[in-house]
Amino acid sequence: MAAGAAPGEWTGVPGVGVPLTRARGRPGVVDAVVAAVGPSNCLTDPDLCAPYETDWTRRWHGRAALVARPTTGDQVAAVVAACTRHRIAVVPQGGNTGLVGGSVPRGGEVLMSLAHLDQTLVVDPVANLLEADAGVTLARAQAAAAEYGLGLGIDLAARDTATLGGMAATNAGGIHVLRYGAMRARLAGLEAVMADGSVLSRTSGVAKDNVGYDLVGLLAGSEGTLGVITRVLVRLAPLPPWRVTALIALRPLPGAGGPVAAAVALVNHLLRQLDGLEAAELFFAEGVELVRQHASLPPPPGASAEAFLLVEVAGRTDPLEALSQALVGHPLVLDTAASTDAAGRVALWAYRERHTEAIAAQGLVHKLDVCLPIRDLADFWAEVIASVRRCRPRAQVICFGHVGEGNLHINILGLEADDTEVDALVLGLVLAHRGSISAEHGVGVAKRSVVGHARGPVDLGIMKALKDALDPHGLFNPGVLFPTRERGGPRGTNRTFGAMGEFG
Ligand code: FAD
Ligand code: MLT
Ligand code: ZN
């Protein structure tokens, strides 16, 4: 609450309008949230709320009625119960590193930050499980597991800020999906607060459990639309003692999709030749140029190549010899640099991992995270480059991604924030190839208008039935995944229409 405000009174930025009026009309909400989390963890001062209100990409922004920062599961339940009583929407937020706009308010909701719910972090080296509060960051969890020679089998560049709860809620992927799967596959259990304030608890962690529906799997990837995840159990795997990273400059195959076709073929070759291929990441000369400028890096090996493949192999014995045998003399390899020591590997990874920040530093970016049938990936990439060039000649397309899974990140610079035509063009190509419009980042608000084109009517009907059953008042992250209801929709939401129309 801002200095000088009466208890329970919302004070915000003058002139913002709708959200302020809504919160002012419900002083009981502020009182209830203060009662639940304490005054220092209920923020209404606009300056204090501001960091929670804009997403990582700076493309999405909205004012919250207030920011609640619970530190225990009971506090989360009390905040949710209060919001349900007052029929005010809740936007859960972890580290706010999400890339589809789902973690920030649309206008007038209670923003619930789980970042302070981070006390519990326990490793069980017998069951090979890690149990943690939702706000624990990936990096903290990785460090705790590493003390026992274990890893989570999941890693991504936002590790220092992304929370385990957010990663579960988005079913995050990252750089090791090739070997270990995405977050849903890593989850052995979770605890979540449901819309009425009750707590779903599946935390026994037993290896096999077929009693009824897979509610853990359902909450994974639900993007804050079904419940607030308060605790997670993550499966651990032994950390292989040997690890080699190689950066490969690619010789393209003939044809328009040549560099991508070369990457796909080389990854297949490595999968057949090697045990323990953990990462296979593709990126292009334009991206390397941006990263080099942004991070002042020297030229990579084979600096004149059009595309690069970064691979990582890990095992119980040194995989360097096997990797070099697989690469030396291979017709698709122009040049290679490899490293087995930590500093050398970090230096090679920098060309790939620093793409996101280097691109963001250029200004507003349209980010499209898509997955294609692996056979179609090269043609799709060539079509995207040609179509965007035709449609927006001044736009710059920077692609990179997890080529082992056919997952490309298409980043388009030089567009207006509300230019949905190019997004629709690219996503239309994805659908034409029977790909997925969201591989690992989720739908958020960025892609909600396309969901109706990406799933059939039966599928959509089941999703809506689940949403209505678990969140009958539509208060959990309205506007995310499902478009906001036209009439009688939950409070604190706006309607927006994408170029491809809404469903629902
Ligand atoms: P937030 O951004 O805060 O929230 C994301 C979504 O989850 C929102 O819809 C929010 O409402 C919901 N949510 C958050 N916490 C909870 C909770 N406790 N209960 C219920 N709902 C919740 N993603 C990948 O998949 N792979 C990558 O390789 C990858 N690399 C990245 C690299 C960078 C540099 C950046 C900035 C992002 C990257 N991301 C990647 C995206 C992002 O890190 C992931 O989506 C991550 O899972 C988000 O976690 P978070 O804690 O920041 O969640
Ligand atoms: C990555 O693979 O680096 C991430 O998914 C982030 C991004 O797409 O920018
Ligand atoms: Zn990614």
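S.K.: Sorry if this is basic, but what is going on with the site of ligand 2 here?
M.R.: Residues in contact with ligand 2, as listed here, are Leu-99, Arg-352, Thr-356, Lys-367, Phe-400, His-402, His-409, Glu-440 and His-441. Between Lys-367 and ligand 2, the recorded distance is 2.8 Å, taken from a side-chain N or O atom to an oxygen atom. Take Glu-440: an N or O atom from its side chain is 3.0 Å from an oxygen atom of ligand 2. When the free accessible area of ligand 2 is taken as 270 Å², the share hidden by the protein chains comes to 86%. In the shell around ligand 2, the residues fall into two nonpolar, four polar and three charged.

S.K.: Please clarify how the sheet that holds strand β18 (residues 407-413) should be interpreted in this entry.
M.R.: Whenever strands of a sheet pair, they do so through backbone hydrogen bonds, lying parallel or antiparallel. Pairing in this open sheet of seven strands is antiparallel, and the strands run β15-β12-β14-β13-β17-β18-β16 from one edge to the other. For this open sheet the edge positions go to β15 (333-339) and β16 (365-371), each flanked by a neighbour on one side alone. If you compare each strand with its neighbour and ignore which way they point, the axes differ by 15° on average. Sheet topology note: the strand β17 (residues 396-402)/β18 ladder contains seven bridges and is antiparallel. Residue pairing across strands places His-402 opposite Asn-407, the latter belonging to β18. Packing of helix α12 (residues 320-327) onto the sheet brings it into contact with β12 (242-250), β14 (307-315) and β15, and relative to β12 it is tilted by some 15°.

S.K.: I tried to follow the side chain of Gln-93 on my own but got confused; where do I start?
M.R.: Among the structural elements, Gln-93 can be located in strand β3 (residues 90-93). Apart from residues lying up to four places away in sequence, Gln-93 is in contact with Tyr-52, Ser-103, Val-104, Leu-111, Met-112, Ser-113, Leu-114 and Ala-115.

S.K.: Would you explain the environment of Gly-255 in this entry?
M.R.: Locating Gly-255 in the fold gives a position in the loop between β12 and α10 (258-273). Gly-255 gets classed as exposed once you look at its relative accessible area, which sits at 59%. In this structure, the C-alpha to C-alpha distance between Gly-255 and Leu-150, residues 105 residues apart in sequence, is 44 Å.

S.K.: Is there a simple way to think about the pairing of β12 in this case?
M.R.: Along β12, eight of the nine residues are buried, which leaves the element largely enclosed by surrounding structure. In this sheet, β14 lies alongside β12 in antiparallel orientation, the contact comprising eight bridges. Its bridge partner being in β14, Thr-245 is matched across the sheet by Glu-312. When β12 meets β15, the two strands line up antiparallel, connected through six bridges. Pairing of Leu-247 across the sheet is with Ala-337, part of β15.

S.K.: Help me out: how do you make sense of the packing of helix α15 (residues 377-391) against helix α16 (residues 420-432) in this one?
M.R.: For any two helices packed against each other, one specifies the inter-axial angle together with the distance between the axes. Viewed as axis vectors pointing N to C, α15 and α16 meet at an angle of 155°, and their least axial separation amounts to 10 Å. For the element pair α15 / α16, the angle class is roughly antiparallel. Our pair here, α15 against α16, has a crossing hand that is right-handed. Residues Phe-380, Glu-383, Val-384, Ser-387, Val-388 and Cys-391 of α15 form the contact with α16, whose own contacting residues are Glu-421, Val-422, Leu-425, Val-426, Leu-429 and Val-430.

S.K.: I'm lost on the site of ligand 1 in this one. Help?
M.R.: Ligand 1 sits among 36 residues. The nearest are Pro-92, Gly-94, Thr-97, Gly-98 and Thr-163. For ligand 1, an oxygen atom lies 2.6 Å from a polar atom in the side chain of Thr-97. Within the complex, 96% of the 980 Å² of free accessible area of ligand 1 lies under protein. Elements with a minimum of two residues in the shell around ligand 1: β3, α6 (164-170) and β10 (228-235). With five residues, the single largest contributor to the shell around ligand 1 is α6. Of the residues contributing to the shell around ligand 1, the split by class is 14 nonpolar, 20 polar and two charged.

S.K.: Just to check I follow, could you spell out the sheet that holds strand β8 (residues 187-193) for this structure?
M.R.: Taken together, the five strands give an open sheet; going across it, the order is β5-β6-β10-β8-β9, and neighbouring strands pair in antiparallel fashion. Bordering the open sheet on either side are β5 (121-124) and β9 (199-202), each of which pairs with just one other strand. The sheet shows a mean angle of 15° between the axes of neighbouring strands, taken without regard to direction. Of the pairings in the sheet, the one linking strand β6 (residues 129-133) to β10 comprises five bridges and is antiparallel in character. Directly across from Ala-132, in β10, lies its bridge partner Val-232. The strands that helix α5 (residues 138-146) touches are β5 and β6; relative to β5, the one it contacts most, it runs at about 35°.

S.K.: Would you take a moment to explain the environment of Leu-271 for this structure?
M.R.: On the secondary structure map, Leu-271 appears in helix α10. Residues Leu-271 and Leu-178, 93 residues apart in the sequence, show an inter-C-alpha distance of 10.0 Å.

S.K.: I tried to follow the packing of helix α2 (residues 27-37) against helix α4 (residues 73-86) on my own but got confused; where do I start?
M.R.: Contact geometry of α2 with α4 gives a least axis separation of 9 Å together with a crossing angle of 170°. Taken as axis vectors, α2 and α4 run roughly antiparallel relative to one another. For the pair α2 and α4, the contacting residues are Gly-28, Val-29, Ala-32, Val-33, Ala-36 and Val-37 in the first and Gln-75, Ala-78, Val-79, Ala-82, Arg-85 and His-86 in the second. Classifying every residue of the contact of α2 with α4 gives eight nonpolar, three polar and one charged.

Cut-off values and rules
- Residues numbered from 1 in each chain as written.
- Chains lettered and ligands numbered in written order.
- Predicted model: local features only at pLDDT ≥ 70, side-chain atom pairs only at ≥ 80, totals over all residues.
- Heavy atoms only, no water.
- Near = heavy atom within 4 Å.
- Polar contact = N/O pair within 3.5 Å; in protein donor to acceptor, adjacent residues only side chain to side chain.
- Areas by Shrake-Rupley, 256 points an atom, 1.4 Å probe, with all protein chains shown as cover.
- Nonpolar A, V, L, I, M, F, W, Y, C, P; charged D, E, K, R; others polar.
- Pairing = 2+ DSSP bridges.
- Helix = DSSP H or I, 4+ residues; strand = E, 2+ residues; numbered from the N terminus.
- Axes fitted to C-alpha atoms, helices over the stretch in contact; angles between N-to-C directions.
- Contact = heavy atoms within 4.5 Å.
- Buried < 20%, exposed > 50% of the residue type's maximum accessible area, 1.4 Å probe, protein only.
- Parallel < 35°, antiparallel > 145°, perpendicular 65-115°, else oblique.
- Left-handed = near helix turned anticlockwise from the far one by under 90°.

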